[in-house]
Each structure stands twice: as C-alpha cells, then as structure tokens.
Amino acid sequence: QRTRSPSDYLSQAQAEGFASPQLATIDVLSRGRLTVGCGAGWMTEEFAAIGAPPFAERGRVTDEHIAVFRELWTKDDPRFDGELRLISEQIAALS
C-alpha cells in the first residue's frame with residue numbers, strides 16, 4: 001500500500017531544499033511507499049501573499065522544482081543551475 005503525503009506540495013510555497021529531505025525521510029520510514037503530489041497552484045492571491053514568483057510563471061517554476069527534487073534525490077553530488085534556482089552553492093554550504 002502506498003503512503004500519500006498529507007496534502008499536495010505547492011512548489012512555490014516551500015523551498016525544495018527544505019522539502020526534499022523531509023519527503024525523503026518519510027519515504028525511507030514508509031519503506032519506499034511515499035507518493036507526492038506536486039501542484040502549480042491556482043489562486044493568484046495566494047502567490048502574492050507568500051511572496052512567490054508571479055502567478056503566470058507557476059508552470060515553469062513547478063517544472064524547475066521537480067527537476068531540483070530529481071537532482072537531490074538521485075545524485076551523490078547534486079548540482080542544479082536552473083533559470084530560477086542555483087542550488088549548488090546552497091548544497092555545498094549544508095555539507
């Protein structure tokens with residue numbers, strides 16, 4: 001039986017560098033049964049309230065968040081220099 005995250009992950013609401021280890025931990029504790037839903041969002045006012053990138057860019061932002069997750073979860077030395085994110089230095093600072 002799969003384990004679902006309690007709610008879908010709104011990519012603009014939380015930095016993937018913080019969400020990634022939390023989700024990975026849940027996946028380990030559930031023995032690989034975690035399913036994560038990643039949403040782009042739908043409420044313009046919500047984006048303004050949390051200081052997220054512009055609502056019109058939500059699809060592109062979500063695509064990049066998913067790419068960052070894949071990099072963090074599948075590489076021993078993750079690097080990602082995207083249009084919106086540059087995580088190589090952030091990861092190095094955490095090591």
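Report on the accompanying structure. Note that the coordinates shown come from a computational prediction; the quantities given were computed from them, not determined experimentally. (Residues numbered from 1 in each chain as written. Predicted model: local features only at pLDDT ≥ 70, side-chain atom pairs only at ≥ 80, totals over all residues. Heavy atoms only, no water.)

**Considerations on the overall build of the protein**
Our working definition: Helix and strand assignments come from DSSP, with helices taken as H or I runs of at least 4 residues and strands as E runs of at least 2, each series counted from the N terminus. Throughout this description, buried means an accessible area under 20% of the type-specific maximum (1.4 Å probe, protein chains only), exposed means over 50%, and partly exposed covers the range between. In what follows, residue pairs with any heavy atoms lying within 4.5 Å of each other are defined as contacts. Computed with the Shrake-Rupley method and a 1.4 Å probe, the accessible areas treat only the protein chains shown as cover for residues.
Broken down by element type, the protein carries four helices and four strands. Along its sequence from the N terminus, the protein presents helices and strands in the succession β-β-α-β-β-α-α-α. For the protein, with 95 residues in total, the buried portion stands at 26%. In the protein, 54% of the contacts between residues at least 6 apart in sequence involve partners at least 24 apart. Here the protein has roughly 6,400 Å² of accessible surface; of this, 55% comes from carbon and sulfur atoms.

**Details of helix H3 (residues 58–74)**
Short version of the rule: In this scheme, a helix's expected span is set at 1.5 Å multiplied by one less than its residue total.
Between the first and last C-alpha of H3 there are 24 Å, a value that for 17 residues agrees with the 24 Å anticipated at 1.5 Å per step. All buried positions along H3 are accounted for by Val61, Thr62, Glu64, His65, Val68, Phe69 and Glu71.

**Thoughts on the packing of aromatic side chains**
Condition: Two rings from Phe, Tyr or Trp (for Trp, the six-membered ring) form a pair when their centres are within 6.5 Å of each other. A pair whose planes differ by under 30 degrees is stacked, one over 60 is edge-to-face, and the rest are tilted. Remark: a charge is flagged as sitting over a ring if the NZ atom of Lys or the CZ atom of Arg is within 6 Å of the ring centre and within 35 degrees of the ring normal.
Counted by the stated rule, this structure contains two aromatic pairs. An angle of 90 degrees between the planes, with centres 5.1 Å apart, marks the rings of Phe47 and Phe55 as edge-to-face. Measuring from centroid to centroid gives 4.8 Å for Phe69 and Trp73, while their planes differ by 5 degrees, and the two rings are stacked. Residue Phe69 and its partner Trp73 are located together in helix H3, separated by four residues, close to a single helical turn. When its relative accessible area of 5% is taken as the criterion, Phe69 is described as buried. Residue classification places Trp73 among the partly exposed residues on the basis of a relative accessible area of 41%. The ring of Phe55 carries Arg58 above its face, with NZ or CZ at 3.9 Å from the centroid.

**Description of unusual backbone geometry**
Phi angles above zero are rare outside glycine, and Arg31 is one such case at about 60 degrees. In this structure, Arg31 sits in the loop between helix H1 (16–29) and strand E3 (34–35). Taking the relative accessible area as the measure of exposure, Arg31 reaches 76% and is therefore exposed.

**Thoughts on the pattern of salt bridges**
Close approach of charged atoms allows side chains of opposite charge to pair. Heads up, the condition is: Salt bridge, as used here: a side-chain nitrogen of Lys or Arg that lies within 4 Å of a carboxyl oxygen of Asp or Glu.
What the rule picks out here adds up to three salt bridges. As a salt-bridge pair, Glu71 and Lys75 come within 3.4 Å of each other at their nearest N and O atoms. Taking relative accessible area as the criterion, Lys75 reaches 43% and is therefore assigned partly exposed. For the salt bridge of Arg79 with Asp77, the shortest nitrogen-to-oxygen distance reads 3.4 Å. Arg79 gets classed as partly exposed once you look at its relative accessible area, which sits at 44%.

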